[in-house]
Amino acid sequence: MFKYAFGMPETLAIAVVLLLLGRWVKEKITILKKFFIPAPVVGGLIFSIITLIGHQYKLFEFSFDSQLKSLLMLAFFTTIGFAASIKMLLKGGLQVVIFLMVSLVLIIIQNVVGVTICGFLGIDKLLGVAAGSISLTGGHGTAAAFGSELIKAGAEAGVSVSIAAATFGLVAGCMIGGPIAKRLMNKYNLKPTTDGENTEILEGKLTKDEKNIDENLLFNGLMYIIVSMGIGSFLLLGFKKLGLVFPAYLGSMIVASIIRNIMDKLGKSLPLHCINIIGSISLQLFLGIALMTMQLWELASLAIPLILILVVQTVIMALYAYFVTFRIMGKDYDAAVIATGHCGFGMGASPNAIANMETFTKANGYSPKAFFVVPIVGAMFIDFVNAPIITFFIEMLKTK
């Protein structure tokens, strides 16, 4: 068997090539674009299939440098911290807080369901968390990040199961969202409101400086990210001294959030657009490396149990959106749109939530409240509540 260990520059170069390959394949296969499957996932899976063939037929075996993957993961989640503005949360009002609580309950349910089914099937319960909120509410970024934590806890297939479940969730979330909202609208004879409230979404329009990005703006954005990552590492050391174990990125997320809210309090702005661009690039490269290093042969014995868990999770998401999210969010047209959005990011990611809502509202009428509430929770605050819950489940199951 031919074996080769790729260094850091080679690993990064392959990730970039696979990212470009993924973009090209998405242009050719429209269903991938329709369900918002990330380009790094497409390219990375193609490479993983090639390595699977090499492994199965004992032709070749590759290993990759993992340091850059960890750094990119840290950078991406740090940029998420800069979005966690208390000012924006309060501006969203009670509806944002309520929807955050609704989403939090779903996170717990997803993990309990995954762990319970794994226990019933007699497989590692940690994999139930992998097919729970790690991959579903968390999406590919959280799946790749916590996959390594699952491996440390003893679940060798943690990364593969998490990534596979996240990919399934992207498709399933888009498929169930529209029909649920349509059923709710017809059953309750719902009509869109046109009060014009809450029409601002997230950070609003780009400023003149953000439209004209230059070296100074990019450097300033990168500076905030790097400083937050550095301070965050010391914060994690403090947590460890107290006996608390958290994922590597949580410290920098907290620091970034503190910086954001201090700047809000002082009335000063951050180069948020640049920070988001750096975060997006980091995420794409991180996912590319995570997917191309995935060992698909670990999934062979878990295929049927994993499919069973994910089908049950999809049914629960549909029932939860229909009976819980819709009712708690007000039982009106806006609540129906929020319910279809919840299917999007409760099973996949925020872009899927937006896609679900856009598709539904184009045919039935706009919902300013839904387009304000769902992105704030899905893009800003959900990772802050998801990460501690995931960590709790991993620690609880690791000791058993």
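Starting from 1, residues in each chain are numbered consecutively following that chain's sequence as written. Two thresholds apply to this predicted model, a pLDDT of at least 70 for residue-level local features and 80 or more for giving and counting side-chain atom pairs, whereas whole-chain, interface and lining totals are computed over all residues. To get the side-chain values, all heavy atoms of the structure are used, and hydrogens and water are removed first.

Q: Can you walk me through the environment of F345 in this structure?
A: Residue position: F345 is located in helix α15 (residues 333–347). Residue F345 is classed as buried on the basis of its relative accessible area of 2%. Put simply, F345 and K87 are 258 residues apart on the chain and 23 Å apart in space, counted from C-alpha to C-alpha. Here a residue-residue contact requires only that any non-hydrogen atoms of the pair lie within 4.5 Å. Beyond its immediate sequence surroundings of up to four residues, F345 is in contact with F99, S103, L136, T137, S350, A353, V374, V377, G378 and I382. We count a stretch as a helix when DSSP gives it H or I for four or more residues in a row; a strand needs E for two or more, and each element gets its number in order from the N terminus. Burial classes follow relative accessibility: with a 1.4 Å probe on protein chains only, a residue under 20% of its type's maximum area counts as buried, one over 50% as exposed, and anything between as partly exposed.

Q: Please clarify how the packing of aromatic side chains should be interpreted in this entry.
A: Each pair of aromatic rings is reported with the distance of its centres and the angle of its planes. We call Phe, Tyr and Trp rings a pair once their centres come within 6.5 Å, taking the six-membered ring for Trp, and we label the pair stacked below 30 degrees between planes, edge-to-face above 60, and tilted otherwise. By the definition in use, this model includes 14 aromatic pairs. The rings of Y4, F6, F47, F60, F62 and F64 are connected pair by pair, giving a single aromatic cluster.

Q: Please explain the confidence of the model for the protein chain as it appears in this structure.
A: As a note on interpretation, predicted positions should not be read in detail where pLDDT is low. Put simply, the protein chain has an average pLDDT of 86, and 93% of its residues get 70 or more. The quantity known as pLDDT measures the predictor's confidence residue by residue, on a range of 0 to 100. A low-confidence stretch, residues 195–205 (pLDDT under 50), is modelled with 20 contacts involving residues beyond four sequence positions or located in other chains.

Q: In this structure, what is going on with the side chain of T325? I would like to understand it.
A: In this fold, T325 is placed in helix α14 (residues 303–328). Taking relative accessible area as the criterion, T325 reaches 0% and is therefore assigned buried. What T325 contacts, discounting residues up to four positions off in sequence, is F99, V102, Y320, I338, A339 and H342.

Q: Any chance you could explain the layout of surface pockets here in plain terms?
A: Over the atoms, a rolling probe the size of a water molecule traces out where space has been left empty. Only protein atoms enter the 1 Å grid used here. Points where a 1.4 Å probe fits but cannot escape make up a cavity, open sets with protein on both sides within 12 Å along at least five of seven lines make up a pocket, and a residue lines them when an atom lies within 4 Å of a point. Grid points are joined across faces, edges and corners, and a volume is the space filled by probe spheres set on the points. Looking at the second largest pocket, its volume works out to about 590 Å³. Residue lining of the second largest pocket: 33 residues in total, with S66, K69, I151, V159 and T293 positioned closest to the centre. For the lining of the second largest pocket, the secondary-structure elements that each account for two or more residues are α3 (39–56), β2 (60–64), α4 (67–81), α8 (139–153) and α13 (272–292). Lys, Arg, Asp and Glu make up the charged group, whereas Ala, Val, Leu, Ile, Met, Phe, Trp, Tyr, Cys and Pro make up the nonpolar group; the residues left over, Gly among them, are polar. Looking at the lining of the second largest pocket residue by residue, the class counts come to 18 nonpolar, eight polar and seven charged.

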